[in-house]
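Each chain, letter by letter, is given below.
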Amino acid sequence: MKINEHYSELGGNYLFAEMKRKTAEFQRLNPDADIIKLGIGDVTLPLTPAVIEAMHRAVDEMGSASSFRGYGPEQGYDFLIDSIIRHEYESRGIKIKRNEIFVSDGSKCDVANIQEIFSTSCTAAICDPVYPVYRDSNIMAGRKIILLPCTRENDFVPELPQKPVDIVYLCSPNNPTGKTLTRNDLTRWVNWAHEKHAIILFDSAYSAYIRDPELPGSIYEIPGAEEVAIEFKSFSKTAGFTGLRCAFTVVPEAAGTLNAMWNRRHCTKFNGVSYIIQRAAEAVYSDTGRRETTALIDYYMENAAIIRNGLRNAGFKVHGGENAPYIWWELPEGLDSMNFSTKLLESCRVVGTPGIGFGSCGEGFFRLTAFGNRAHAIEAVSRIRELKIDRIP
Ligand code: PLP
């Protein structure tokens, strides 16, 4: 059998599997231990009433011959696309046309699939540490990858590549570092992309967490970005849609043939998000939906502040957790993140994600998320304050 030999170049998800195994084993040996999971990248609050009501209405429509809908447009219904344009772009002074938006069942699929419209001879640049999907999807395609270190020294902002690069993945607010790129950072990247004829793949799945009005919530706030950038946004962390599945990708016409290519790819390989889910997504932008969604995000951001400030007050260095739901905990010198995770589980019954799991530059860091509940955030901080960190071997 002739298989895609590039799959053998993928690293296994050993570390994440190992963490899961360790946690399960610890729970088995300590059945009464109240383990707090701050490693999860999934939301925990339920969907809001506006979203639920919209789905109920849509379900009823589907049960009546006069309002039943079968296959919809692959790119998404206009009612949702128009809401996206109004609330995500016009509100930021950005002009986006209907045919530039592609509704999908998640940004994970979109950021993984977008590389198909680029030649396999392209070089892709990804940050280190990184959301692993960008890396793995390019490895599967056999593309050359170069890493852009994001470290304490560069304040987790990647430097412009010194070697030739055709596509670059940027994620802001960032998973896992919690760093949000400024207007200046993005302007530098957009100018670089123009100069090098490169394309920026801008993952903005967490833009709803940006509270500082000075920080750009879309790359298209930067002049000229529409010619060199594709943007990905998701309802997952914005409105708790991780289980519903809805996102969208913007491929501007100004970026040349990419718009027509992505349209072709989308229509060939995807058959649209269900009508019910698109009505749910539309409801996120209603007046009530926006209020409710803001409250969801406020809740998680309050968790982030509790964790971030709590760790700081306990004398630790922490990054992120402002304008982002991820807290990037800088471990005291010499601690390796995998051993630390075991210690944290055994001593505090708190689970997080070792930074090394996101790339070698993640070593020495530990990711905590704000997606748990309030009581857990408070309790985790209080347990961590008791941790005798200097005694960790
Ligand atoms: N992009 C980043 C950076 C993420 O962290 C995630 C999910 O954790 C996604 C994309 C995937 O989002 P979705 O649920 O829309 O597939």
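Look a little higher up for the structure.
Residues numbered from 1 in each chain as written. Predicted model: local features only at pLDDT ≥ 70, side-chain atom pairs only at ≥ 80, totals over all residues. Heavy atoms only, no water.

Here we come to helix α2 (residues 49-62). Over its 14 residues, α2 runs 20 Å from end to end, which matches the ideal 20 Å to within 8%, given 1.5 Å per residue. Among all positions in α2, only Ala50, Val51, Ala54, Met55 and Ala58 are buried. Down the axis of α2, the buried set is contained in an arc of 130°. They therefore lie on one face. Exposed and oriented more than 90 degrees from the buried face of α2 are His56, Arg57 and Asp60. For α2, the secondary structure elements touched by its buried residues are α9 (275-284) and α10 (287-313). (Helix = DSSP H or I, 4+ residues; strand = E, 2+ residues; numbered from the N terminus. Expected span 1.5 Å × (residues − 1). Buried < 20%, exposed > 50% of the residue type's maximum accessible area, 1.4 Å probe, protein only. Arc of directions from axis to C-beta. Contact = heavy atoms within 4.5 Å.)

Moving on, we get to the side chain of Asp136. Within the fold, Asp136 resides in helix α5 (residues 132-140). Within the structure, Asp136 has its side chain in polar contact with the side chain of Arg135 (distance 3.1 Å). (Polar contact = N/O pair within 3.5 Å; in protein donor to acceptor, adjacent residues only side chain to side chain.)

With the rule as written, the count across this model stands at 22 salt bridges. Notably, a salt bridge pairs Arg98 with Asp78, separated by 3.2 Å at the nearest N-O pair. In this pair, Arg98 is assigned in the loop between α3 (78-89) and β2 (101-104) and Asp78 in helix α3, connecting sequence segments 20 residues apart. For Asp78, a relative accessible area of 36% gives the class partly exposed. Residues participating in the shared-partner salt-bridge network are Asp34, Arg349, Glu379 and Arg383. (Salt bridge = Lys/Arg side-chain N within 4 Å of Asp/Glu carboxyl O.)

In this section: the sheet that holds strand β4 (residues 144-149). Strand order in the open sheet made by the 7 strands is β2-β8-β7-β6-β5-β3-β4, with mixed pairing throughout. In this open sheet, the two strands that pair with only one neighbour each are β2 and β4. Across this sheet, the average inter-strand angle for adjacent strands is 20°, counted without regard to direction. Lying on the sheet, α3 is in contact with β2, β7 (229-234) and β8 (247-250); it crosses β2 at an angle near 115°. (Pairing = 2+ DSSP bridges. Axes fitted to C-alpha atoms, helices over the stretch in contact; angles between N-to-C directions.)

Our focus in this paragraph is the layout of surface pockets. By volume, the largest pocket is sized at about 1200 Å³. Along the wall of the largest pocket there are 39 residues; nearest its centre are Gly39, Ile40, Gly41, Asp42 and Arg367. Elements with a minimum of two residues in the lining of the largest pocket: α1 (14-29), α4 (107-113), α5, α7 (236-239) and β12 (353-354). A total of 7 residues in the lining of the largest pocket trace back to one element, the largest contributor, which is α1. Among the residues making up the lining of the largest pocket, the classes are represented as 17 nonpolar, 13 polar and 9 charged. When residues are assigned to domains, the lining of the largest pocket turns out to be shared by domain 1 (5-47 + 289-391) and domain 2 (49-286), each giving three or more. (1 Å grid on protein atoms, 1.4 Å probe; cavity = no way out; pocket = protein on both sides within 12 Å on 5 of 7 lines; lining within 4 Å. Points joined across faces, edges and corners; volume = space filled by probe spheres on them. Nonpolar A, V, L, I, M, F, W, Y, C, P; charged D, E, K, R; others polar. Domains from an automatic or database assignment.)

Let's shift gears to the pairing of β2. Alternating positions in β2 separate into two faces, Ile101 and Val103 on one and Phe102 and Ser104 on the other, with burial throughout. When β2 meets β8, the two strands line up antiparallel, connected through 4 bridges. If you follow Ile101 over to β8, its bridge partner there is Val250.

Quick look at the site of the ligand now. Taken together, 14 residues sit near the ligand, with Asp203, Tyr206, Ser234, Ser236 and Arg245 positioned nearest. At 2.8 Å from an oxygen atom of the ligand is found a side-chain nitrogen or oxygen belonging to Asn175. Of all the elements in the fold, those that place two or more residues in the shell around the ligand are α4 and α7. Taken together, the residues of the shell around the ligand break down into 5 nonpolar, 5 polar and 4 charged. (Near = heavy atom within 4 Å.)

Another point: unusual backbone geometry. For the peptide bond that leads from Asp128 to Pro129, omega is 10°, which places it in the cis range. Within the fold, Pro129 resides in the loop between β3 (123-128) and α5. Residues Ser172 and Pro173 are joined by a peptide bond in cis, for which omega reads -10°. With respect to the helices and strands, the residue Pro173 is situated in the loop between β5 (167-171) and α6 (183-196). Of note, the phi angle at Phe156 is positive, near 65°, even though the residue is not glycine. The topology assignment puts Phe156 in the loop between β4 and β5. Judged by relative accessible area, Phe156 falls into the buried class, the value being 4%. Its identity is not glycine, yet His197 carries a phi of approximately 55°, on the positive side. Tracing the backbone through its elements, the reader meets His197 in the loop between α6 and β6 (199-203). Look at His197 and you get exposed, because its relative accessible area is 71%.

These figures come from the coordinates and say nothing about function on their own.
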